Amino acid sequence: MDTVADKQEREGSLNGVGCSRKRKEDARFIQGKGNYTDDIKMPGMLFADMVRSPYAHARIISINTEKALALPGVHAVLTAADLKPLNLHWMPTLAGDVQAVLADEKVHFQYQEVALVVADDRYIAADAIDLVEVEYEELPVLVDPHKAMTAEAPILREDLVGKMEGAHSKREHDNHIFNWQAGEKDATDRVFDAAEVTVSQDMVYHRVHPCPLETCGCVASMDKINGKLTVYLTSQAPHVVRTVVSTLSGLPESSVRIVSPDIGGGFGNKVGIYPAYVASIVASIVLGVPVKWVEDRMENISTTAFARDYHMRGELAADSNGIIKGLRVNVLADHGAFDSCADPSKFPAGFMHICTGSYDIPVAHLNVDGVYTNKAPGGVSYRCSFRVTEAVYVIERTMDVLAQKLGIDKAEIRRRNFVKKEQFPYTTCLGFELDSGDYHTALEKVLDAVDYKGLRREQEEKRANGELMGIGLVTFTEVVGAGPSKSCDILGVGMFDSAEIRVHPTGSVMARMGTITQGQGHQTTYAQIIASELGITSDEIAIEEGDTDTSPYGLGTYGSRSTPVGGAATAVAARKIKAKAKKIAAHLLEVSEDDLEWEVDRFKVKGVPGQEKTMKDIAWAAYNNVPEGMEPGLEAVDYYDPPNFTFPFGAYLCVVDIDKDTGVTDIRRFYALDDCGTRINPMIIDGQIHGGLTEGYAVAMGQEMPYDEEGNLLGNTLMDYFLPTFVETPIWETDYTVTPSPHHPIGAKGVAESPHVGSIPTFTSAMVDAFAHLDVTHMDMPHNAYRVWKQIKALGLLDN
Amino acid sequence: MAKQAVSFTLNGKTVDVLVEPRELLIHTLRENLNQTGAHIGCETSHCGVCTVDIDGESVKSCTLLTVQTAGSDVKSVEGMATADGLHVIQQAFVDEHGLQCGFCTPGMLMRAYRFLQENPDPNDEEIRWGMSGNLCRCTGYQNIIKAVKTAAKNLQQA
Amino acid sequence: MIPSGFEYHKATSIADAIAKLQDNEDAKLLAGGHSLLPMMKLRFSEAPYLVDINGIEGLKGISIDGDTITIGAMTTENELIRSDLLQQYCPLLVEAAKLVADPQVRNKGTIGGDVAHGDPGNDHPAVMLALDAQLIIHGPDGERTIPANGFFLGTYWTALEEHELLVAIKVAALKTGTGHGYNKLKRKTGDYAVAGSAVVLEMNGDVVRDIRIGLTNVAPMAIRAEAAEDLIRGKRVDEVLLKAVEKAIVEACDPAVDLRGDEEYKSHMAAIMARRSIIQAIKNAKE
């Protein structure tokens, strides 16, 4: 007999959407049985290691591999000369540029790849590295992006001299990569000229690196007998890699298999194709045996995709009540020596044009110029959602500056300018259609939770006492779920994603997606989506990703796109199965489909208790008792081309206390409210938020990648590159509201990048707030004790 | 230099390996002995993902020569679970969502194991300091602290 | 990540270790290995001949005889921390050890290695200076004792002669009326000091009868801030005096410029750390 309790019990046993169920993937990780790239061993496998340039800018005069080749156990030493006949010494990047695979005639950044040694084991390979003799002739180095487009600047890309039509725009200088604009320049300028109040703030979003604990690596294995190339690879986008590898190698995609095994953290570090992957693949093809390459930590920090390095100016025009009339943002982007920025191809500055933030801004103009310098290539990585970290930083900082100028409280000025709940879906003046939001509720909830007024009173008292206490506030909107294929593509492949679901006769499920987890818990969360759609417990739903031989084509996992795009594909595919299941149920129950209603895990005949078929019953029938004219089986594929991005949002508040004597900052409190729409697994969401906030803390408070004038990268080990330990990491308080996405099949928006995007400006906001009574409007990151102390000293606070 | 024969106990079983003096224990574990639970995350002894337990102490196996391990009692994550199931600490990590990508997890577990032997009833601050040799990028540590506390409680009740 | 090849020999005794150092030109000692091995893995340091001194008789142990504590050079940081004897009679060493590196490294890092390596970033040298420790050294010519003050000569340069081995450290047990403190400013736990200061002082009522101030990582080696000590000796400490002391500390510093800070910052932080150690020492001298 059906009761409410019975229904609830069935719902509960599904462990579906909304349930903080334990993770299915934990079983192998908790027993040290994960299968990461460096765990993979194949018979006859050799080990590769890379010879790298010590100089940031130099000609290669000669490379002598004799001694290295003579070392017992060394099988090959590859240089550009070996790749030239295959036309593989250069390769196309994701950004329409080319990148050297092995340096051809010159090197452009310190640690650039020069030669690949291949040996019996990693010990011999390490010795062989030291035996490769490279003669260099140093060239003048360019590290300051502000000098890149001057007349005196050294020309870095000799291969591009004379080519003034760049991939994205005309190039105004040999070191210029692109100019990209959004919005209306003249209309914005007029608004600024006429405005009652304007503010302008220069700020640097410094270069940092995602530094996942697992470095990048691959095992390339060319099976000459079957003509098939298999590459195990730390990749957040295995299908894209397959397409590129096929193009580069001339092997058809049907002869190329890319497998992303378990990945020890991606954070955008593992999206691009790195030179060593290509060189290892060539080595395997030439030698006919598997070749493994795994980088060490210094190589990872020094050469793989860095993040940020945006030099920005944010300007707001407003009236005396703080109502914004216009926004102007100008950016100088340091891309390093090759533009390998991992953006959707039409967006060389990613989604920087989300810089209108959570605010109702009538007109705006964004201008971005990208330049080359003698640094490693990259720019988009580290939980940035394609430059959304930079966009949110510039708007939130400039809002604070405006508030400060007008003497309006930071929370109040935001309230006055928020896009209102009733205005959604809201099209920004720079072209994004925000799907849903309720910014006012989120803000008020946070302010109440922390007793904002009480904190401001406390700050007054502390200031009177000469103490430094700051309150930071950020109300961000970010854009994830790239994206509609009409605007979003990676190398021409539209940014849809996919799910293939198959229900077995005895009612359990196998599903594969085109995305690839790196710790986000897909094996669990996708199963939860399917469980709620199909009424089968997530315990019996197996999820696989990462093998291009078996999973449907997808664009991978980065920019929080798995839930918005992959999750949508999953729900839609499940609904196709449910539609077929309904027909089968109608057939089994001898009624018409209109007579059926779905409840948790079964179709019931309306008004006839007891007449029902569970999904398990239907699954069995699908293989032996389907209606006339229907094919057997119960499965579906969906390729989901999202109609729009999704726009998670949040309100973050941070309280800091700064030790005047040392510059050390204590993060006293950090309150993070996130709205990611429908919450699939609250436990996993909280975990993602803790992780994103911690990475944000690291960026804002300590990480940096300083280059000296010779282009030497300083601090590229974990001694200096700040990865917080248990001791430094603040306690995170999390909260949420739920404003579903109206266009997403289950209303979910994605969440994992929001805490990183939102927290970093919150820390800066708090630091600046600690000094705001002394007319400080901005402090560049990182806010380490040393830099903060210098600020304290400069303000004369130590003279007493 | 010629290889040396080294014998030690790994998770209760005697192992015999032939290694150059310069061979690091982490490589012996992962390559010779196919115990790939312990991982490599850096080359400067900071990250702790290589942590194992040797003669009753937490040790970063990337900063130890295998020849120094002769006669030692080495425990790694592969020895934590038994035929009866997961170790209490492993279960606590699962229950409290103390892992995401799993890369730091074997080192965390081995350190948590020894830490709780050293300090069976730690408070949060002690856990933070006691585990400060193990880095994590995914979790922000908060749930790992919960996991260690839950493990401490469950171990005391066991 | 991988050192170049080397010969490895386990020493069987102190004498054997010394003999091996004498017989092999490029021989290096392997103690805890957590300074040497990382350098060898980065190939910054070549050590074609390693002499492992782990397990040798006569290098371990913490004992007290009258007022003198003897600590074997191969005593690890965690052994220092766990020592009831030290907690009672020389708590400064325990507190300093807790600030070194991380729990795993503390199982291997030895006080002898930390003292003898000559890295200006190591913590124990300044503590040795503050404690006025005596260093017991064995060499081909026998045993000698060197006071810590004068042992640290420069970066990676100590008074250890060729083929000598630090075997033990002697410090005085805490007397009534003696206070101590070690304060270390660091970018994060486990890091080397931005600046550190170890202080040991003796009170006579409210007056500081004697004081020794050691400074970590603000010069090519650990140093005594003698000018600052002279300002305090015989005086009652007040805010005016502390400010003068801070100024003297700043002047005594000659730090390397690196990512931890420039000269101005590091010198001022040394002064702040010294200040905190002095205040702490005065407080616990009374307890």
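What counts and what doesn't
Residues numbered from 1 in each chain as written. Chains lettered and ligands numbered in written order. Predicted model: local features only at pLDDT ≥ 70, side-chain atom pairs only at ≥ 80, totals over all residues. Heavy atoms only, no water. Helix = DSSP H or I, 4+ residues; strand = E, 2+ residues; numbered from the N terminus. Rg over C-alpha atoms; globule rule 2.2 N^0.38 Å. Buried < 20%, exposed > 50% of the residue type's maximum accessible area, 1.4 Å probe, protein only. Contact = heavy atoms within 4.5 Å. Areas by Shrake-Rupley, 256 points an atom, 1.4 Å probe, with all protein chains shown as cover. Lys, Arg positive; Asp, Glu negative; His and termini not counted. Charge placed at Lys NZ, Arg CZ, Asp CG, Glu CD. Salt bridge = Lys/Arg side-chain N within 4 Å of Asp/Glu carboxyl O. Nonpolar A, V, L, I, M, F, W, Y, C, P; charged D, E, K, R; others polar. Polar contact = N/O pair within 3.5 Å; in protein donor to acceptor, adjacent residues only side chain to side chain. Pairing = 2+ DSSP bridges. Axes fitted to C-alpha atoms, helices over the stretch in contact; angles between N-to-C directions. Core = buried A, V, L, I, M, F, W, Y, C linked by side-chain atoms within 4.5 Å. Domains from an automatic or database assignment. Buried area = accessible area lost by both parts, 1.4 Å probe. Parallel < 35°, antiparallel > 145°, perpendicular 65-115°, else oblique. Left-handed = near helix turned anticlockwise from the far one by under 90°.

Peer 1: Explain the overall build of chain C to me, please; I cannot follow it from the model alone.
Peer 2: Along chain C, the regular secondary structure elements total 11 helices and 14 strands. Here chain C has a C-alpha radius of gyration of 19 Å; the compact-globule value for 287 residues is 19 Å, and the two agree. C-alpha extents for chain C along the principal axes are approximately 60 × 45 × 35 Å. Scored against the burial criterion, the 287 residues of chain C give a buried share of 59%. Taking as baseline every contact in chain C between residues at least 6 positions apart, the subset at least 24 positions apart corresponds to 60%. Entry remark: accessible area of chain C is about 11,100 Å², with carbon and sulfur atoms responsible for 49%. Charged side chains of chain C number 31 positive and 41 negative; the gap between the two group centres comes to 7 Å.

Peer 1: Sorry if this is basic, but what is going on with the interface of chain B and chain A here?
Peer 2: In many reports, interface size means the accessible area that the parts give up when they come together. Of the residues lining the interface, 54 residues belong to chain B; the matching set on chain A comes to 53 residues. Applying the counting rule to chain B against chain A returns 5 salt bridges. Put simply, Asp38 of chain A and Arg30 of chain B hold a salt bridge, and the shortest N to O gap is 3.7 Å. Sorting the residues of the side of chain B that touches chain A by element identifies helix 1 (25-32), helix 2 (88-95), helix 3 (105-118), helix 4 (124-130) and helix 5 (142-157) of chain B as the ones contributing at least two each. Classifying every residue of the side of chain B that touches chain A gives 25 nonpolar, 19 polar and 10 charged.

Peer 1: Is there a simple way to think about the interface of chain B and chain C in this case?
Peer 2: Residue-level contacts link 30 residues of chain B with 30 residues of chain C. Summed over the shared surface of chain B and chain C, the number is 1 salt bridge. When the shortest N-O distance is used, the salt bridge between Lys60 of chain B and Asp102 of chain C registers 2.5 Å. If you look at where chain B meets chain C, you find 6 residue pairs in polar contact (both at pLDDT 80 or more). Elements represented by at least two residues in the side of chain B that touches chain C include exactly helix 1, strand 4 (57-60) and helix 4 of chain B. For the side of chain B that touches chain C, the element with the highest residue contribution is strand 4 of chain B, accounting for 4 residues. Partitioned by chemical class, the residues of the side of chain B that touches chain C number 13 nonpolar, 12 polar and 5 charged.

Peer 1: Would you explain the sheet that holds strand 10 (residues 165-172) of chain C in this entry?
Peer 2: Think of a sheet as strands paired side by side through backbone hydrogen bonds, with each pair either parallel or antiparallel. Residues and elements named next belong to chain C. Pairing is antiparallel in the open sheet, where 5 strands are placed in the order 4-5-10-6-7. Where the open sheet ends on each side, the last strands, each with one partner, are strand 4 (62-65) and strand 7 (142-147). The mean angle between the axes of side-by-side strands here comes to 25°, regardless of whether they run parallel or antiparallel. Summarising the sheet, strand 6 (residues 134-139) and strand 7 pair through 6 bridges and their orientation is antiparallel. Bridge pairing links His138 to Glu143 in strand 7.

Peer 1: How should I be thinking about the nonpolar core in this particular structure?
Peer 2: Nonpolar side chains in soluble globular proteins tend to end up buried together. Ranked by size, the top nonpolar core spans 223 residues in total, and within it Phe351, Met352 and Leu653 of chain A together with Phe93 of chain B carry the most contacts. Counting residues per element, this core draws most heavily on helix 10 (residues 388-406) of chain A, at 10 residues. With sequence-adjacent residues up to four places away left out, Leu653 of chain A is seen in contact with Val446, Leu447, Val450, Tyr452, Leu455, Ile471, Gly472, Leu473, Arg669, Phe670, Tyr671 and Thr762 of chain A. Residues Ile501, Val503, Ile543 and Ala569 of chain A belong to the second largest nonpolar core, which totals 43 residues.

Peer 1: Explain the sheet that holds strand 2 (residues 58-64) of chain A here, please?
Peer 2: Residues and elements named next belong to chain A. On the basis of which strands lie adjacent, the open sheet formed by 3 strands has the order 6-2-8 and antiparallel pairing. Every interior strand has two partners, whereas the edge strands, strand 6 (106-107) and strand 8 (133-138), have only one. Judged from the 2 bridges that link them, strand 2 and strand 6 form a sheet pairing that is antiparallel. Across the sheet, the residue bridging to Arg59 is Lys106, located in strand 6.

Peer 1: What exactly am I supposed to notice about the domain arrangement of chain B here?
Peer 2: All names here are of chain B. As far as domains go, chain B holds domain 1 (4-77) and domain 2 (88-157). Domain 1 and domain 2 are separated by 21 Å when their C-alpha centres are compared. Here domain 1 and domain 2 share an interface that buries about 1,200 Å² over both sides, 61% of which is from carbon and sulfur atoms. The partner of Arg114 in a salt bridge is Asp53, with the nearest N and O atoms 2.8 Å apart. Among the elements of the structure, strand 3 (51-54) and strand 4 are those that each provide at least two residues to the side of domain 1 that touches domain 2.

Peer 1: Help me understand unusual backbone geometry, please; the structure alone is not making it clear to me.
Peer 2: Among all residues save glycine, negative phi is the norm, and among peptide bonds the norm is trans. Residues and elements named next belong to chain A. A cis amide bond, omega -10°, links Phe424 with the succeeding residue Pro425. Assignment of secondary structure puts Pro425 in the loop between helix 11 (410-417) and strand 20 (426-427). A cis amide bond links Met781 to the next residue, Pro782, at an omega of 0°. Considering the arrangement of structural elements, one finds Pro782 in the loop between helix 18 (754-771) and helix 19 (785-794). Of note, the phi angle at Phe386 is positive, near 70°, even though the residue is not glycine. Overall, Phe386 belongs to the buried group, its relative accessible area being 5%. Although it is not a glycine, Asp775 sits at a positive phi angle of roughly 70°. For Asp775, the location among the structural elements is in the loop between helix 18 and helix 19. When its relative accessible area of 66% is taken as the criterion, Asp775 is described as exposed.

Peer 1: Would you explain the domain arrangement of chain C in this entry?
Peer 2: All names here are of chain C. Considered domain by domain, chain C is made up of domain 1 (7-52), domain 2 (64-172) and domain 3 (180-284). Summarising the inter-unit geometry, the C-alpha centres of domain 1 and domain 2 are found 19 Å apart. Between domain 1 and domain 2, the buried area comes to about 1,100 Å², and carbon and sulfur atoms account for 79% of it. Among the residues domain 1 hides against domain 2, the three largest losses belong to Ile14, Ile18 and His34. Together they make up 39% of the total. Our count for the contact surface shared by domain 1 and domain 2 stands at 1 residue pair in polar contact (both at pLDDT 80 or more). Among the elements that take part in the side of domain 1 that touches domain 2, helix 1 (residues 14-23) stands out by supplying 5 residues, more than any other. A per-class count over the side of domain 1 that touches domain 2 returns 7 nonpolar, 4 polar and no charged.

Peer 1: Could you clarify how one ought to interpret the packing of helix 10 (residues 239-252) of chain C against helix 11 (residues 263-285) of chain C in this entry?
Peer 2: Packed helices, taken two at a time, are described by the angle their axes make and the gap between the axes. Residues and elements named next belong to chain C. Packing of helix 10 against helix 11 brings their axes to within 8 Å, and their N-to-C directions diverge by 140°. It follows from the interaxial angle that helix 10 and helix 11 lie oblique. You can see that helix 10 and helix 11 cross each other, and the crossing is right-handed. Contact with helix 10, carried on its side by Glu239, Leu242, Lys243, Val245, Glu246, Ile249 and Val250, involves Ser267, His268, Ala270, Ala271, Ile272, Ala274, Arg275, Ile278 and Ile279 of helix 11 and no other residues of that element. Residue classes in the contact of helix 10 with helix 11 are distributed as 10 nonpolar, 2 polar and 4 charged.

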